[in-house]
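# Understanding the architecture of this molecule
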Amino acid sequence: MSSQVHITDVVLRDGHQSLIATRMRTDDMLPICEWLDKIGYWSLEVWGGATFDACIRFLKEDPWERLRKLREALPNTRLQMLLRGQNLLGYRHYSDDVVRAFVHKSAENGIDVFRIFDALNDVRNMETSIAAVKESGKHAQGTICYTISPVHSIAQFTDMAKQLVDMGCDSIAVKDMAGLLTPMVTAELFAELGKAIDLPVHLHGHATAGTAEMCQLKAIENGCRHIDTCISSFSGGASHPPTESMVAALAGTEYDTGLDLKDLQNIGFYFREVRKKYHQFESEMTGLDTRVQVYQVPGGMISNLYTQLREQGVLNHIEDVLNEIPRVREDLGFPPLVTPSSQIVGAQAVVNVLTGERYKSIGNEVKLYLQGRYGRAPGPINSLIRQQAIGNEDVIEVRPADLLDDEMDNLREEIGELAGSDEDILIFAMFPDIGREFLEQRAAGTLVPEPLEPMPAGGADSSKKPTEFNVTLHGETHHIHITGIGHRSQGDRPFYMTVDGVPEEIMIETLSELEDGDSEGGARSGSKRPRPGKPGDVSTTMPGTVIDVLVEVGASVQAGDPLLVTEAMKMETEIQAPIAGSVAAIHVAKGDSVNPDETLIEISA
Ligand code: MN
């Protein structure tokens, strides 16, 4: 038996997802495809939840169109995608008919290898997608999300691998999304997996904590023949071990990958130039981040938290949030931290810290989780918190999708003529709001991608405009230093600055507000809400977007009645009436952005 090691390069999916917020455009992928196709990779990972989301939300590209173009440009290489089992590419559980339609369409449009995982490692949530991949005649890769907790062990992971074999998978993947694996544990894990099952086991790990290459070598020594790497210019840090380095490390040994280093280097040079275009999306957390070994929080999640807390002006709480995440995770029975459980745990931890009281406010997703609607938690759930969140409501024991009726017909009807194909319906299914907006803009011919900032002359670090100046206010002069400019979103652009060198961040919220000045009528809806003062003034603890307004002016409410649903950090939260009374005024509508210092609804007692 050959000991050749096979490579999956992830530059077109996880590489740019980990380093430049998933912003690489199809136009930057296609020119190099001819070269990529000649390399002889086992597969190229090209598609997943975040790439689909970013295409629609930011790049205004049809993700299906991207897939078809890549398929055409890469005729000789397997194309691989990452699929969240019953969550597909979204954040909720879909009915089986949507799962089947999605898998069949993905196969039809070009996917060969489906890497399927469930955030809780509940294999029941992977059944339907694995079966659908097999129906399509494609490769189903069952995935184990690696994590560390008192309820996870190597024996338990090998058990899961056996179940995935029994379910008809063609291969198994160990997905170390956080970069938690250490070399000796990897050796043991792969040795045990090799004894337990006959299928090839792929290793996907992140370089965040600096141990990934060592882990790959140890895995290979213990029977692993498939590793995920990323071309060097998109490797390292929150991304993956560099392809060229691993190819060089194994060259001339029994594990030789057979790949040409010089051709790979040319591809590396190409992507080095491409990466410069996206400098505005580079994370501040570059290089190694060993905190994952302390907090067990994936690097991508840490950098997301940084961005979100900074945008909310509460970055000073980051340490508290990082300490709170493992506690919430324990309360929820130690789910691995991967989409969507990472969002559920992360958002609840942020709420726990920002409200100053643990579980004072509990997100809707957390409630669903506690009801068993995401599947079976790996370990026991804190019963006090479950009681507090869902009272005596039933906890389901069955596979969550068993309770869902078919959805495709309803989705087709809901989106109507905006959808010209099943692929369009599935865009809407994955992302009801931004998916519909995308389809509307496409129909109207008004799709505009978010702009890329030109690289300042001399590189990303030099800037041409003055960023430091003094401001005199009430006779005192303050030194202002603009430390950064955020991304434009919904017409807003945050500016980050320090005053007199104080590290606390002050943010001018929107450029459009500055431009509007105090002129009436020019302000965006929602930018002039009153500040909360009275007991009946309803505000939010976290900045977010209004998903739904549940009451009308004049309605009478009891304390605790739900008034609004907001979304922050991909998590929905219900805002409840603080007092009993009648709704005197509503200052928000669905889709509005809201902040904690605003009154959203007024209730008069
Ligand atoms: Mn990954």
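Our subject in this report is the structure included herewith. (Residues numbered from 1 in each chain as written. Predicted model: local features only at pLDDT ≥ 70, side-chain atom pairs only at ≥ 80, totals over all residues. Heavy atoms only, no water.)

### Remarks on the packing of aromatic side chains
How we decide: When the centres of two rings from Phe, Tyr and Trp lie within 6.5 Å, Trp using its six-membered ring, the rings pair. Their planes under 30 degrees apart give stacked, over 60 give edge-to-face, and anything left gives tilted. Strands are runs of DSSP state E lasting at least 2 residues, helices are runs of H or I lasting at least 4, and numbering of each runs from the N terminus.
The final tally for this structure, using the stated rule, is twelve aromatic pairs. Between Trp 47 and Trp 64, the ring centres sit 5.0 Å apart and the planes meet at 65°, which makes this aromatic pair edge-to-face. Of this pair, Trp 47 sits in strand S2 (residues 43–47) while Trp 64 is found in helix H4 (residues 63–73), placing the two residues 17 residues apart along the sequence. Of the aromatic side chains, those joined through ring pairs into one cluster are Trp 47, Phe 52, Trp 64, Tyr 91, Phe 102 and Phe 431.

### Structural notes on the coordination of the manganese ion
Inclusion rule: Because water is not among the atoms used, a metal site may look incomplete, as its donors are only the N, O and S atoms within 2.8 Å, or 3.2 Å for Na, K and Ca. Burial status follows relative accessibility: with a 1.4 Å probe on protein chains alone, a residue under 20% of its type maximum counts as buried, one over 50% as exposed, and anything between as partly exposed.
Bound to the manganese ion are the protein donor atoms Asp 14 (OD), His 204 (NE2) and His 206 (NE2), situated 2.0 to 2.2 Å from the metal. Written as a sequence motif, the donor arrangement for the manganese ion is D-x189-H-x1-H. Residue Asp 14 is found in helix H1 (residues 11–19), and its partner His 204 is found in strand S7 (residues 201–205); the two are separated by 190 residues along the sequence. Under the relative-accessibility criterion, Asp 14 is labelled buried at 4%.

### Section: the sheet that holds strand S14 (residues 544–549)
Quick reminder of the rule: Paired strands, as defined in this entry, are two strands with at least two bridges between them according to DSSP.
The four strands lie next to each other as S17-S16-S14-S19, forming an open sheet whose pairing is antiparallel. The sheet is open, and its two edges are formed by strand S17 (571–576) and strand S19 (593–594), each paired on a single side. Sheet topology note: the S14/strand S16 (residues 562–568) ladder contains four bridges and is antiparallel. Of the residues in S16, the one forming a bridge with Val 549 is Leu 564.

### A few points about unusual backbone geometry
Generally, phi is negative for residues other than glycine and the peptide bonds are trans, each holding for most cases. In the segment running from Thr 339 into Pro 340, the intervening peptide bond is cis, with an omega of 5°. Residue position: Pro 340 is located in the loop between helix H14 (318–331) and helix H15 (341–354). At Lys 60, a residue that is not glycine, the phi angle is positive and equals roughly 55°. With respect to the secondary-structure elements, Lys 60 resides in the loop between helix H3 (49–59) and H4. Note on Lys 60: relative accessible area 15%, which makes it buried.

### Observations concerning the nonpolar core
In plain terms, the rule: By nonpolar core we mean a set of buried residues, namely Ala, Val, Leu, Ile, Met, Phe, Trp, Tyr and Cys, connected to one another through side-chain atoms within 4.5 Å.
Within the largest apolar cluster, 99 residues are counted, with the highest numbers of intra-cluster contacts made by Phe 52, Phe 102, Phe 271 and Met 430. Counting 37 residues, the second largest nonpolar core, distinct from the first, contains Ile 302, Val 314, Val 345 and Ala 377.

### Here we look at the pairing of strand S4 (residues 113–116)
Put simply, the rule reads: We call a crossover right-handed when, viewed with both strands directed away from the observer, the connection leading from the first strand over the helix to the second proceeds clockwise.
Burial along S4 is two-sided: Val 113 and Arg 115 and Phe 114 and Ile 116, pointing in opposite directions, are all buried. Pairing geometry for strand S3 (residues 78–83) and S4, over four bridges, is parallel. Looking across to S4, one finds that Met 81 is bridged to Phe 114. As for the winding sense of the linkage, the β-α-β connection from S3 through helix H5 (residues 96–109) to S4 is right-handed. One ladder, built from four bridges, connects S4 with strand S5 (residues 139–145); its direction is parallel. Counted as the bridge partner of Val 113 is His 139 from S5. At this point the chain moves from S4, through helix H6 (residues 127–135), to the parallel S5, and the crossover so formed is right-handed.

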